[in-house]
Amino acid sequence: MGTGVMIGAGIFALTGQVAQFSGPAFPLAFLLAAVVSGFSAYTYIKMSNKYPSAGGIAMILQKAYGPTTIAAASALLMTMSMIINESLVARTFGAYTLQLFDVSKDSILVPVLAVGLIVFAFVINISGNKIIGSVSKVAAVLKVGGILIFAGAALWASGLSFEAASSATTNETGPAGFLAGVALAILAFKGFTTITNSGDEVKNPNKNVGRAIIWSLAICLVVYMAVALAVGSSLTLEEIVAAKDFSLAEASRPAFGDFGVAFTVIIAIIATASGLLASVFAVSRMLAMLTNMNLIPHKHFGMPGGIQKHTLVYTVVLAAFLAAFFDLGRIASLGAIYYLVMDIIIHYGVLRYLREDVGARASILVAAILFDLIALGAFLFIKATADPMIVVIAIGSMAAIFAFEALYLGRIRDKEAPDHAHSHS
């Protein structure tokens, strides 16, 4: 499921977006993002090995910070990042599907198809966990195999010439732009965090959760590098940026024509649909866990069923709203900012409070924090220049999340205080 979430979101949605920031060196941006994600994974592996549970990130934050505003708000940031990722995947599904028809990439059908896929994911998720697991396994094999076939064929047809670099007439990006591309590419790997939510369902979780994280990152690195090189070998940098929402489909056109486009689109549909299924499942579980931990409020709104079914509804409604009204670039930017902030908070919490308990090395935790800070700083600098509104939205929404949690948890404590005093009287 972790591999499914990563490949469903990452390579189809972000190749063109990363190339726009990082220029002809965009394959290197994916490689460096994998290195940064590897350092980040160290924290999650150490925590999962010691405390495997369905709580995942929420469990890590609560153990580090207790039932505090910073723990609750950071968990919500991760949840929001995953929901943003779902809308990103859904929009990618719409953009790729329309490549089978003579329809403009700006067509209203893109958000319509995106919302339709989210509704489909809701129906499958409401049907039960076994269906999701079976679909994820089959889809993961199909899309990894299909993507590698695409990459190999595109590289062979191009004669291994890297058009994106050879066609670049100027240095399109500086160090800050390249690092901004790395920050966005990190989104393509962050799906490994969903594996931490499966600690109570995995055999021998103290070892196998960590192994699953390592293997999923390794598989995705191979796939991403193969695709980045294939796209860069088939298209010029200008062509990649022009087709950034569906760059893989466009990359198959020069060598294989309409057949190549159709093949790539079918793989994209499988990848995005299965990735969305796995992500919706993980997010609804995480929201249910936060509710059970009394870190977020919960209202039934007259709906039948348990808490996870309700959180499933909240997840798909919010993802559908974002998919309908935000474009891919802004969705990806918001998700990257949320995720990097949350990741820094987790690493610092483990470094400050749990390092000795879980046997983690301080040097690796510090390196993970520094890598995240550098990537986040460069990304905010570039976006503040090119699209300052998304930076304002990101900072404003994060402040609102922290303020909301401070208010909610304050009310919970005020309510519990008289009860606690009464129990001792």
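A brief look at the structure comes next. Here the residue numbers are simple positions, counted from 1 along each chain's written sequence. This being a predicted model, a pLDDT of at least 70 is required before a residue's local features are given, and a value of 80 or more before pairs of side-chain atoms are given or counted; all residues contribute to the totals for chains, interfaces and linings. For the side-chain quantities, the full set of heavy atoms in the structure was used; hydrogens and water were omitted.

**Side note on unusual backbone geometry**
Here comes step 1: Non-glycine residue Asn294 carries a positive phi angle of around 60 degrees.
Here comes step 2: Within the fold, Asn294 resides in the loop between α11 (247-292) and α12 (307-325).
Here comes step 3: The classification of residues rests on relative accessible area computed with a 1.4 Å probe and restricted to protein chains. Under 20% of the type maximum is buried, over 50% is exposed, and intermediate values are partly exposed. For Asn294, a relative accessible area of 44% puts it in the partly exposed group. Elements are defined by DSSP. Helices are runs of H or I of four residues or more, strands are runs of E of two residues or more, and each kind is numbered from the N terminus.

**Let's talk about the packing of helix α4 (residues 69-97) against α12**
Here comes step 1: The N-to-C vectors of α4 and α12 enclose an angle of 55 degrees; their axes lie 8 Å apart at closest approach. Taken together, α4 and α12 sit at an angle that is classed as oblique. For α4 against α12, the interelement crossing comes out right-handed. Contacts between α4 and α12 involve Met80, Ile83, Ile84, Glu86, Ser87, Ala90 and Arg91 on the former and, on the latter, Thr315, Leu318, Ala319, Leu322, Ala323 and Ala324.
Here comes step 2: Gly falls in the polar group here, along with every residue not listed as nonpolar (Ala, Val, Leu, Ile, Met, Phe, Trp, Tyr, Cys, Pro) or charged (Asp, Glu, Lys, Arg). A per-class count over the contact of α4 with α12 returns nine nonpolar, two polar and two charged. Note on method: axes are straight lines fitted to C-alpha atoms, helices fitted across the in-contact stretch only, with angles between N-to-C directions ranging 0 to 180 degrees. Each angle gets one of four labels, with under 35 degrees taken as roughly parallel, over 145 as roughly antiparallel, 65 to 115 as roughly perpendicular, and the rest as oblique. In a left-handed crossing the near helix is turned counterclockwise from the far helix by less than a right angle, and in a right-handed crossing that turn is clockwise. Two residues form a contact once any of their heavy atoms are found within 4.5 Å.

**Regarding a nonpolar patch on the surface**
Here comes step 1: Together, Val366, Leu370, Phe371, Leu373 and Ile374 give the surface a local cluster of nonpolar side chains, amounting to about 410 Å² of exposed area.
Here comes step 2: Counting through the fold element by element, Ile374 comes out in helix α14 (residues 362-386). Within the patch definition used here, like charges are joined within 9 Å and nonpolar side chains (Val, Leu, Ile, Met, Phe, Trp, Tyr) within 5 Å, considering only residues with over 30% relative accessible area and no salt bridge. All accessible areas in this document rest on Shrake-Rupley with a 1.4 Å probe, and a residue is counted as covered only by the protein chains that are shown. By definition here, a salt bridge exists when the distance from a side-chain nitrogen of Lys or Arg to a carboxyl oxygen of Asp or Glu is within 4 Å.

**Observations concerning the packing of aromatic side chains**
Here comes step 1: Side-chain rings of Phe, Tyr and Trp (the six-membered ring for Trp) are treated as a pair once their centres are within 6.5 Å; stacked means planes under 30 degrees apart, edge-to-face means over 60, and tilted covers the remaining angles. Throughout the structure, instances matching the rule amount to eight aromatic pairs.
Here comes step 2: When the ring of Phe21 is compared with that of Phe379, the centres are 5.8 Å apart and the planes differ by 55 degrees; the resulting orientation is tilted. Of this pair, Phe21 sits in helix α1 (residues 2-22) while Phe379 sits in helix α14, placing them 358 residues apart in sequence. A single burial state applies to Phe21 and to Phe379, both of which are buried.
Here comes step 3: Members of the aromatic cluster, each reached through a chain of ring pairs, are Phe30, Phe189 and Tyr224.

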